[in-house]
Amino acid sequence: MTDAPPDEQLPPGAAPPVQTGRKEKSRGSFLRELVIIVVIALALSFLVKTFLVQPFSIPSESMENTLDVGDRILVSKLTPQHSPLHRGDVIVFEAPPSWGEMGPESTGLKAVVKNGLEWVGILPAGGHHVVKRLIGLPGDNVVCDATCADSGGPLKINGVAINESSYLKPGNAPSGQKFDITVPANSVWVMGDNRGDSWDSRGHDNGTGKTGSVPMSDITGEVVAIAWPLNRIQTVGSHPEVFAKVPSP
């Protein structure tokens, strides 16, 4: 006995008809759902990158040993927009015009795809973004005198010597060049942890602090953690103890 209506019963040896409509409908439904999932994922990634956290990659040795070449870092977008900056913060910023060209622009279809994926937050950004440690806040007088430049003595901020051994790459002096600058309003003075291989505020300054300092409006955010590779996963500290005795300007 069968449940099928008499007109749907097949004669002996006959093959059932191929029901293409149901399969095509199922395939179309799957594709629509896949597109919706991808769009939602891209939208969420864009929102996270825009307002909360953005990934970046480390292309150079200037922040060793805090950050190594190839590290993938997470940058909080809440600083400085919604929380204050502090001396010692590791920050990512767009190189200001006073720093000149930072390298050749990518071209072609590959560059378009890469820039698009960076824009939505799928790929870690790079390009003209720079990562350094914040040393001087607006109004700070940052000095490397002859003792500092010639004998490896400490930097001084607002007249107080600081001990940077907790984050400087071993074997590096605080600075190999003299400077005596005052950080302009709404700007910060930045230096790499690998001082002997870091083209930072020192190398772009005209001796006044105006061209080497980075405007706060160019700051993307604060580095909060290394997310990749697995053996490098860790938070990135600001070492507030280094600057604890530095007075306000």
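Residues numbered from 1 in each chain as written. Predicted model: local features only at pLDDT ≥ 70, side-chain atom pairs only at ≥ 80, totals over all residues. Heavy atoms only, no water.

Undergrad: Just give me the short version of the sheet that holds strand S5 (residues 141-144), but keep the residues and values in it.
TA: The antiparallel open sheet is built from four strands, whose spatial order is S7-S6-S5-S8. The sheet is open, and its two borders are formed by strand S7 (160-161) and strand S8 (179-182), each paired with just one other strand. Across two bridges, the pairing between S5 and strand S6 (residues 156-157) is antiparallel. For Val142, the partnering residue across the bridge sits in S6 and is Ile157. (Pairing = 2+ DSSP bridges. Helix = DSSP H or I, 4+ residues; strand = E, 2+ residues; numbered from the N terminus.)

Undergrad: Now, about the pattern of salt bridges: what can you tell me, with residues and values included?
TA: Following the criterion strictly, the structure yields eight salt bridges and no others. For Asp71, the salt bridge is made with Arg232, and the minimal N-O distance between the two is 2.7 Å. Remark: Arg232 occurs in the loop between strand S11 (219-228) and strand S12 (234-235) and Asp71 occurs in the loop between strand S1 (53-57) and strand S2 (72-76); sequence separation between them is 161 residues. Each member of the pair, Asp71 as well as Arg232, is classed as buried. Among the ionic pairs, Asp193 bridges to Arg133, the shortest N-O distance being 2.8 Å. In this pair, Asp193 sits in the loop between strand S9 (187-191) and helix H4 (201-204) while Arg133 sits in strand S4 (residues 129-136), placing the two residues 60 residues apart along the sequence. For Arg133, a relative accessible area of 0% corresponds to the buried category. Counted as one network, the salt bridges with shared partners bring together Asp68, Asp71 and Arg232. (Salt bridge = Lys/Arg side-chain N within 4 Å of Asp/Glu carboxyl O. Buried < 20%, exposed > 50% of the residue type's maximum accessible area, 1.4 Å probe, protein only.)

Undergrad: If you had to explain the side chain of Asn158 to someone new, which residues and values would you point to?
TA: Inspection of the secondary structure puts Asn158 in the loop between S6 and S7. Here Asn141 takes part through its backbone nitrogen, which lies 2.9 Å from a polar atom of the side chain of Asn158. (Polar contact = N/O pair within 3.5 Å; in protein donor to acceptor, adjacent residues only side chain to side chain.)

Undergrad: Help me get a handle on the environment of Asp71, residues and values and all.
TA: Under the relative-accessibility criterion, Asp71 is labelled buried at 2%. Distance in space between the C-alpha atoms of Asp71 and Ser60 is 9.9 Å, their sequence separation being 11 residues. Those residues in contact with Asp71 that lie beyond four places of it in its chain are Phe56, Ser57, Ile58, Ile226, Trp228, Pro229 and Arg232. (Contact = heavy atoms within 4.5 Å.)

Undergrad: Tell me what's going on with the confidence of the model for the chain, and back it up with residues and numbers.
TA: Looking at the chain, pLDDT values average 82 and 71% of them are 70 or higher. Note on residues 117-125: pLDDT is under 50 here. Beyond four places in sequence and across chains, it has 28 contacts. (pLDDT = per-residue confidence, 0-100.)

Undergrad: I'd like a description of the state of the cysteines, backed by residues and values.
TA: A complete count under the given rule lists one disulfide for this structure. Disulfide pairing is shown between Cys144 and Cys148; the S-S distance is 2.2 Å. A torsion of -100° about the S-S bond marks the disulfide between Cys144 and Cys148 as left-handed. Relative accessible area serves as the criterion here: at 1%, Cys144 is assigned to the buried category. Using a relative accessible area of 0% as the deciding quantity, one classes Cys148 as buried. (Disulfide = S-S within 2.5 Å.)

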